[in-house]
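Structure assessment
What follows is the residue order along each chain.
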Amino acid sequence: MTLLIGKQLFNLAEKLWPINRSITGDGVRTTLQIIKEIIPALSIHEVASGTQVFDWTIPKEWRVNDAYIVTPDGEKICSVRENNLHLVGYSVPTRLTLSLAELQNYLHSLPAQPLAIPYVTSYYQERWGFCLSQKLRDSLPNGLYKVFIDTELFDGSLTYGELLVEGKSKKEILISTYICHPSMANNELSGPSVVTFLAKWITEKTRRKYSYRFVFVPETIGSLTYIQRHKDQLKKNVFAGFNVSCVGDNRNYSYLPSRRGDTISDAIAKHVLKHVCASYKSYGWADRGSDERQYCAPGIDLPIASIMRTKYGEYEEYHTSLDDLVNVVTPEGLEGGFSVLQYAVEALENNCYPKISVIGEPQLGKRGLYPTLSTKASGTAVRLMMDFITWSDGGQSLLEIAELCQVPIWDLYPILETLRSHDLITVEDQNLNFS
Amino acid sequence: MTLLIGKQLFNLAEKLWPINRSITGDGVRTTLQIIKEIIPALSIHEVASGTQVFDWTIPKEWRVNDAYIVTPDGEKICSVRENNLHLVGYSVPTRLTLSLAELQNYLHSLPAQPLAIPYVTSYYQERWGFCLSQKLRDSLPNGLYKVFIDTELFDGSLTYGELLVEGKSKKEILISTYICHPSMANNELSGPSVVTFLAKWITEKTRRKYSYRFVFVPETIGSLTYIQRHKDQLKKNVFAGFNVSCVGDNRNYSYLPSRRGDTISDAIAKHVLKHVCASYKSYGWADRGSDERQYCAPGIDLPIASIMRTKYGEYEEYHTSLDDLVNVVTPEGLEGGFSVLQYAVEALENNCYPKISVIGEPQLGKRGLYPTLSTKASGTAVRLMMDFITWSDGGQSLLEIAELCQVPIWDLYPILETLRSHDLITVEDQNLNFS
Amino acid sequence: MTLLIGKQLFNLAEKLWPINRSITGDGVRTTLQIIKEIIPALSIHEVASGTQVFDWTIPKEWRVNDAYIVTPDGEKICSVRENNLHLVGYSVPTRLTLSLAELQNYLHSLPAQPLAIPYVTSYYQERWGFCLSQKLRDSLPNGLYKVFIDTELFDGSLTYGELLVEGKSKKEILISTYICHPSMANNELSGPSVVTFLAKWITEKTRRKYSYRFVFVPETIGSLTYIQRHKDQLKKNVFAGFNVSCVGDNRNYSYLPSRRGDTISDAIAKHVLKHVCASYKSYGWADRGSDERQYCAPGIDLPIASIMRTKYGEYEEYHTSLDDLVNVVTPEGLEGGFSVLQYAVEALENNCYPKISVIGEPQLGKRGLYPTLSTKASGTAVRLMMDFITWSDGGQSLLEIAELCQVPIWDLYPILETLRSHDLITVEDQNLNFS
């Protein structure tokens, strides 16, 4: 494997790594600008703090100037400049001197992972706090500590990116990822990296049957904002799509269904994963945890499934400083995540309803497609083509035929082309009402 | 466990024990009178002998004055006053002197259960006979025996009890049990005992969504009679119900489906039993044997399932004198039988179609229903509430949501209340066309 | 087992054995004449070479006068008079002298089966060749060989046989087999032998609910020809049917579905086989290989399943000289093949929608159909009758009732008769729209 695309994906993730992102603020803006360098047609949108979004309200924008603690020994620890996970997300401005015992109420660490800095936020309740390794916490001496948090919470806006790519049909495939996590790699620099290059690949294709909607949002509040602004179009046009998250490690593949579980996105996801990695892990809707919660919510119900590598919450480095570009996310992992989504998109593009144009079996021999000498062994050579033909009754999709033939759908693309070139098969476009 | 209700159930069973019941006669009337002391609104009905009931005819009423055998030694055995199982049900009046060899043709015993007196009846064919233990039978000396059967068969009536309890809806839940068995405990004093107290509990409830129809009938001919008299109302209003039999021992729980097998009664029965006793025994329609045969017959097809403890025919004491209030039926057993039916009725009452009233996930945090600090572990605490919400799309019943969440439906009652009190969920009444 | 029919079947197969059949020619005509001796109403049809049949063209007729090879030693080998498999089917006339090395290009043998002469044809591409055992081939000395093939390819016709047997309904059962194989026994003298006697049996029945269409065709081109000529009638009237092939050995039973897999033919085939031979082998549509490919093709889609003994391609003697009437096909094997098809046809004839004519359970006792003494054991004796009654709601077929009762459908025939004679059951004819 050359890992050409894997290295590009990894390079982008590395470039995005140091930026201090949250659900609002310049971290998101800088991230989107870097992505826009690769997909220049990306449009960037701002929605004002205080805007009502369904049951939610867009919070104030959060800006971090500096934050740290000074120990009784005068040592500066938990500096947000050293690691942006040190500061609890959305911490309010604070200057305090307090004892270690008092300070402990504002510290977060993980006893079971003594070297990990946990990722903690408090978007909708004003508070402050610091995250640090259990090891550092255990070493803190008694005495007075100075807390310094120079942050601002102000009426600003929430920022998101959107890229619409037109195809022959107005029917859309929605690809969404989120850009609100600070320096963590699988959850979640892998998502924006992979989606950026998927968007680039789609944009550069000369033929597209479908239109595409790529969405880069802060998780939850961002997807809700996006849905509120585009609900009617989304419900009218989106017939398939994926929420892209945790696609960067090389340990396994995973699938999480849409709420209904029986959409074309689900069928495609399971088909692709089965043929790429038979041992992929299949989750249920009960295991959901990302923006599919909004896209598939009652009343919205878009056909959005999730194709992942190792799922959020299912690896120990999750939501800690250990989720990095060294031990967790790799070029191989990113390339795998990109590839399965590419297979899935190609399957959606190629899916159709093939119909044999003759009655009874066609005589393939006279077209050079079947051995003319009938022996005990003839037939096996063209078995897949014959199976393809027998199922091509116009009532079954290419995906369903692939399942019936027990082959990956991509094995049928060249056969479909051959039979179409001999005028033996006609196709109808995918039934977009596929449930 | 306090067994408060268990002891009440047991006391009633003990009170009913000595009465010599059959499908007609004063035994049934006395039994219904005792039940009426607990549920005074019970109405008692008489249907004349000779009445045509579908394919059947109500037989003559049977009265037993006395019956016994005198041995060659002058000993009185098989006295119906000693054990009412001694006389074959519906035995005709008989005074005979005959040899042991001749007598043997009229005796019934169970070689495999040498201490048990079997339960034998001949309702629709005139004959006579005695039942006795194999041990006693084997000890009978040769010689002449005197048979004395002082019974009467006369144009009387069949007796049944009925209690209608009105609810907000005219739609009904039917609870039927039978009162034709003489002194046997699980099959069948447990049934009338449990149904009596279920009726008392329902009657005393301040709010009832549904109406209730409690029926105490002789088995087969009684349920047919009841159906013939109320067929149109039953078919129009009964949307769920249970035939209650064998609910008094403490050995297991059992389920027997309705004929169609997919009614709301079946779904509720399986759900309740699964969560009360994961190892409950599930039977098929082929194993039927009680009044569900009539309620579910082609042309009637009411949605009646059976929730039992140990099923008739499946325990060795069945239909013998060993089915008693000592070794078979216990207060614990009765309490368990009562409880599962109570759970089932409550599930029917509470079932509804919840619908989330906001689009997208609600922001539970601002209502104090979700932790405001987001850490690696947040979410699990309110997982069940979130799962409840995600399935509340108005298209799935509370029962179906409980199945999706893999919890007993009663775990959802308080969550439903909380969400309704925050105006986050609206409910529609159960779809009464549930098939 | 007397094997009366088995021996008749075997005798016919022996009579047909020596004839040199192909997809056209006098071998087919002679075969049909012999069959016509048993079913005189058989009509024989000729369709001219060159006729367009859907995507195919009927080839020239092929006549074999003589064919053999003369070795350098002057020995005559591979004589078609010795074994008609020696000559590749449809070999063109040839007179050549050539070296062993050159000859090898025209020889066919099976290294893994050194004593078997393989069966090879080239219907649609002009060529010539000889088939021989690997053992003989290995013994051939170097030197010059003389090839002598006296065959004719000329504008003649394709021949097939058809027998229509009228029943009360115009709805038809189609039974098709093929008559294009030279001297091979299971594949395929068993098929025409069994179908001939099935046709004789049907013709001689005094009552037939359905009409029957027996078809004897050359495989593929013959069934396509037949379908083209009768497409509208077939699609309108055929509601069930079987392609009959490989029904002569005694090793196993097999089932191959129709393309849709859920027709009444499939249900009947599986039911019959399950009860005749629980360990029968079930294939999928992917394993198809005979005329079901045409009868079930998209656009034709007749409900044709296959009931076989050991399937073509699944036994080592298949398509070689070893598929004979000594080691492969036996009277027992043929009798078994005949019997399962007979069971299947009887099941189709007897299938109906029984409906109980009383409401509630009927009182069987008063009709002498139920024990009047009720004991612990009563009920089991008439259990099947009671089960039959409970499922006879008019919405389920006799076949479905047999499945529900877990008995072969033929166990229900006498019960149905008994209940009909007591006016307890009425029947409606099979729903011919059964899918």
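Check the entry above for the structure.
This write-up is about the structure you can find in this document.

Criteria and cut-off values
- Residues numbered from 1 in each chain as written.
- Chains lettered and ligands numbered in written order.
- Predicted model: local features only at pLDDT ≥ 70, side-chain atom pairs only at ≥ 80, totals over all residues.
- Heavy atoms only, no water.
- Helix = DSSP H or I, 4+ residues; strand = E, 2+ residues; numbered from the N terminus.
- Buried < 20%, exposed > 50% of the residue type's maximum accessible area, 1.4 Å probe, protein only.
- Contact = heavy atoms within 4.5 Å.
- Areas by Shrake-Rupley, 256 points an atom, 1.4 Å probe, with all protein chains shown as cover.
- Lys, Arg positive; Asp, Glu negative; His and termini not counted.
- Charge placed at Lys NZ, Arg CZ, Asp CG, Glu CD.
- Least-squares fit on C-alpha atoms with pLDDT ≥ 70 in both.
- Buried area = accessible area lost by both parts, 1.4 Å probe.
- Salt bridge = Lys/Arg side-chain N within 4 Å of Asp/Glu carboxyl O.
- Polar contact = N/O pair within 3.5 Å; in protein donor to acceptor, adjacent residues only side chain to side chain.
- Nonpolar A, V, L, I, M, F, W, Y, C, P; charged D, E, K, R; others polar.
- Arc of directions from axis to C-beta.
- Core = buried A, V, L, I, M, F, W, Y, C linked by side-chain atoms within 4.5 Å.
- Phe/Tyr/Trp six-rings, centres within 6.5 Å; stacked < 30°, edge-to-face > 60°.

Here we look at the overall build of chain A
Broken down by element type, chain A carries 12 helices and 18 strands. Projected onto its principal axes, the C-alpha coordinates of chain A cover approximately 95 × 45 × 35 Å. Counting the 435 residues in chain A, one finds 62% classified as buried. By sequence separation, contacts in chain A at least 24 residues apart represent 81% of the contacts at least 6 residues apart. Element-wise, carbon and sulfur atoms account for 48% of the exposed surface of chain A, whose accessible area totals about 16500 Å². Considering chain A, the positive charge centre built from 43 side chains and the negative charge centre built from 49 side chains are found 4 Å apart.

What to know about the relation of the copies chain A and chain C
Least-squares fitting of chain A to chain C yields an RMSD of 0.1 Å, with the superposition described by an axial translation of 0.1 Å and a rotation of 120 degrees. In short, the pair behaves as if placed about a three-fold rotation axis.

Side note on the interface of chain A and chain C
Residue-level contacts link 23 residues of chain A with 31 residues of chain C. Both faces combined, the contact of chain A with chain C buries some 2200 Å², and carbon together with sulfur accounts for 48% of it. Across the chain A-chain C interface, the total number found is 5 salt bridges. The closest approach of N and O atoms between Arg-259 of chain C and Asp-393 of chain A, which form a salt bridge, is 2.9 Å. Our count for the chain A to chain C interface comes out at 13 residue pairs in polar contact (both at pLDDT 80 or more). Among the elements that line the side of chain A that touches chain C, the one with the most residues is helix 10 (residues 383-391) of chain A, at 6 residues. Its residues assigned to classes, the side of chain A that touches chain C comprises 8 nonpolar, 8 polar and 7 charged.

Focus: the interface of chain A and chain B
Between chain A and chain B, the contact holds 31 residues from the first and 23 residues from the second. Here chain A packs against chain B, burying approximately 2200 Å² in sum over the two surfaces, 48% of which is carbon and sulfur. Ranking the residues of chain A by area buried against chain B places Asp-55, Arg-288 and Pro-298 of chain A at the top, with a combined share of 29%. Inspection of the chain A/chain B interface yields 5 salt bridges.

A look at helix 12 (residues 412-421) of chain A
One full turn of an α-helix is made of 3.6 residues, so residues set three or four places apart face in the same direction. Residues and elements named next belong to chain A. Restricting attention to buried positions, one finds in helix 12 the residues Leu-412, Tyr-413, Ile-415, Leu-416 and Leu-419. Across the axial projection of helix 12, the buried residues extend over an arc of 165 degrees, all falling on one side. The elements touched by buried residues of helix 12 are helix 9 (331-350), strand 17 (352-356), helix 10, helix 11 (398-405) and strand 18 (425-429).

Here's the deal with the nonpolar core
Phe-214 and Phe-242 of chain A, Phe-214 and Phe-242 of chain B together with Phe-214 and Phe-242 of chain C are the most contacted members of the largest nonpolar core, which totals 438 residues. For Phe-242 of chain A, the residues in contact, after removing those within four places along its chain, are Leu-174, Ile-175, Ser-176, Ser-265, Ile-268, Ala-269, Ile-304, Ala-305, Ile-307, Leu-341, Ala-344 and Leu-348 of chain A.

A short note on the packing of aromatic side chains
The geometry of an aromatic ring pair comes down to the distance between the two centres and the angle between the two planes. Residues and elements named next belong to chain A. Applying the stated criterion to the full structure yields 36 aromatic pairs over all chains. Seen from their ring centres, Trp-56 and Tyr-124 are 5.5 Å apart, and the 65 degrees between their planes marks the pair as edge-to-face. Highlighted residues: Trp-56 in strand 3 (residues 56-57) and Tyr-124 in the loop between strand 7 (107-108) and strand 8 (130-131), separated in sequence by 68 residues. Judged by its relative accessible area of 8%, Trp-56 is buried.

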